[in-house]
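The lines below spell out each chain.
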Amino acid sequence: MNIRSESIDKLFKTILKLENIEECYDFFGDLCTIKEIQDMAQRLDTAILLNEGLNYQTISKEVGVSTATISRVSKCLNYGNDGYKKAIERLAEDD
C-alpha cells in the first residue's frame, strides 16, 4: 500500500521535528483523539510482545486488544515494511 503524498511527508517531517515527549503529547493531543493515540500505543505494545514471542491469548489479556488486531499487527511485523522492527530495535537501544 502506497500512502506517500506531499501532505503525509509534511506530517512525518513535523513529527521528526518534535524535541521531547511533552511536545509529542501536545502535538498528538491536538492532532488525534485520545482513542486514536491509545490505539496506536496498543498496536506498538502488541508488536513488542509478538516480537518477544508471546501468544495471542496472553497479548489480548495484557494489552486489551482483539485477536484480529493482533493478527493484523503480526502480519505487518512479519510481512510489512519493517517499521515495527526498526522502532522496536531503537526502543531497545534506549533501554
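Quick caveat: nothing in here was measured; it's all calculated off a predicted structure.

Conventions and cut-offs
Residues numbered from 1 in each chain as written. Predicted model: local features only at pLDDT ≥ 70, side-chain atom pairs only at ≥ 80, totals over all residues. Heavy atoms only, no water. Helix = DSSP H or I, 4+ residues; strand = E, 2+ residues; numbered from the N terminus. Buried < 20%, exposed > 50% of the residue type's maximum accessible area, 1.4 Å probe, protein only. Contact = heavy atoms within 4.5 Å.

Colleague: How should the side chain of Ser74 be read in this particular structure?
Modeller: Here Ser74 shows up in helix H5 (residues 67-79). Residue class for Ser74 comes out buried when judged on its relative accessible area of 14%. The residues contacting Ser74, other than those within four sequence positions of it, are Leu50 and Tyr56.

Colleague: Would you take a moment to explain the environment of Asn81 for this structure?
Modeller: Here Asn81 is to be found in the loop between H5 and helix H6 (83-94). With 49 residues separating them in the primary sequence, Asn81 and Cys32 have C-alpha atoms 24 Å apart. When near neighbours in sequence (up to four residues on either side) are disregarded, Asn81 contacts Cys76 and Lys86.

Nothing here speaks to function; it is geometry throughout.
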